[in-house]
Amino acid sequence: MELLTKRLLLRQWKDEDVEPLARMNDDLRVVRYIAKLTDRSAIHAWINEQREHFKKHGYGLWALERLDVAEFIGFCGVVNVSYQAHFTPAVEIAWRLDPASWGRGYATESASAALSFGFERLGLSEVVANAAVENLASRGVMERLRMSHDPQDDFDHPLKAEGDPLLRQVLYRIKAGDWLKQ
């Protein structure tokens with residue numbers, strides 16, 4: 001299963017994606033607001049988790065590639081939320097891009113394709129997204145996707161320790177009907 005946009009390919013993971021994902025993971029700008037994978041074996045395991053999620057559910061996080069240069073630039077997709085919170089069970093949209101690809105609309109473009117897939121092909125009723133309160137770039141993508149934010153939905157991430165600056169998360173939502181009206 002692959003998705004194609006005007007400039008991007010959302011594709012299945014390849015073994016050769018480990019090194020560019022590792023470089024991205026080692027960049028402090030990328031992991032500033034998210035969990036960092038600890039080493040190459042953790043990256044291999046994470047990629048295998050994505051493959052298994054696709055096998056089990058028919059959707060997940062795709063590797064993201066620019067069409068003009070066939071270059072890995074990150075990932076994007078819809079995936080089951082793996083922890084318990086007031087809004088779970090839920091499917092979330094997530095993305096992570098290499099800094100060289102920031103500011104070009106790739107996150108919004110790929111996330112739009114993933115949301116269309118989720119609502120039109122999978123029949124999802126709602127998709128959520130969350131980010132650290134200070135992660136204004138991701139919040140901007142969520143707003144460009146016309147996801148809504150109710151501050152009463154914000155939560156402390158159950159996988160973060162007390163005192164962790166990323167503990168507090170904002171939650172955005174979009175319902176199928178709202179997406180399909182666009």
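Data block above holds the structure.
Residues numbered from 1 in each chain as written. Predicted model: local features only at pLDDT ≥ 70, side-chain atom pairs only at ≥ 80, totals over all residues. Heavy atoms only, no water.

**What about the packing of aromatic side chains?**
Within the structure shown, the criterion is met by 10 aromatic pairs. Joined through ring pairs, the aromatic side chains of W13, W46, F72 and F75 make up one cluster. (Phe/Tyr/Trp six-rings, centres within 6.5 Å; stacked < 30°, edge-to-face > 60°.)

**Remarks on the layout of surface pockets**
Size it by volume and the largest pocket reaches roughly 1400 Å³. I34, F75, A94, W95 and R96 are the residues nearest the centre of the largest pocket, which is lined by 48 residues in total. Residue classes in the lining of the largest pocket are distributed as 26 nonpolar, 13 polar and 9 charged. (1 Å grid on protein atoms, 1.4 Å probe; cavity = no way out; pocket = protein on both sides within 12 Å on 5 of 7 lines; lining within 4 Å. Points joined across faces, edges and corners; volume = space filled by probe spheres on them. Nonpolar A, V, L, I, M, F, W, Y, C, P; charged D, E, K, R; others polar.)

**Regarding the nonpolar core**
Formed by 35 residues in total, the largest nonpolar core has its most connected members in I93, W95, L115, F119, V127, L145 and M147. Looking at which element gives the most residues to this core, the answer is helix α3 (residues 106–121), with 8 residues. Sequence-distant contacts of I93, defined by excluding residues within four places in its chain, comprise G77, V78, A111, A114, L115, V127, V128, A129 and M147. Counting residues in each nonpolar core, the second largest holds 17 residues, with A22, V31, W46 and A63 among its members. (Core = buried A, V, L, I, M, F, W, Y, C linked by side-chain atoms within 4.5 Å. Buried < 20%, exposed > 50% of the residue type's maximum accessible area, 1.4 Å probe, protein only. Helix = DSSP H or I, 4+ residues; strand = E, 2+ residues; numbered from the N terminus. Contact = heavy atoms within 4.5 Å.)

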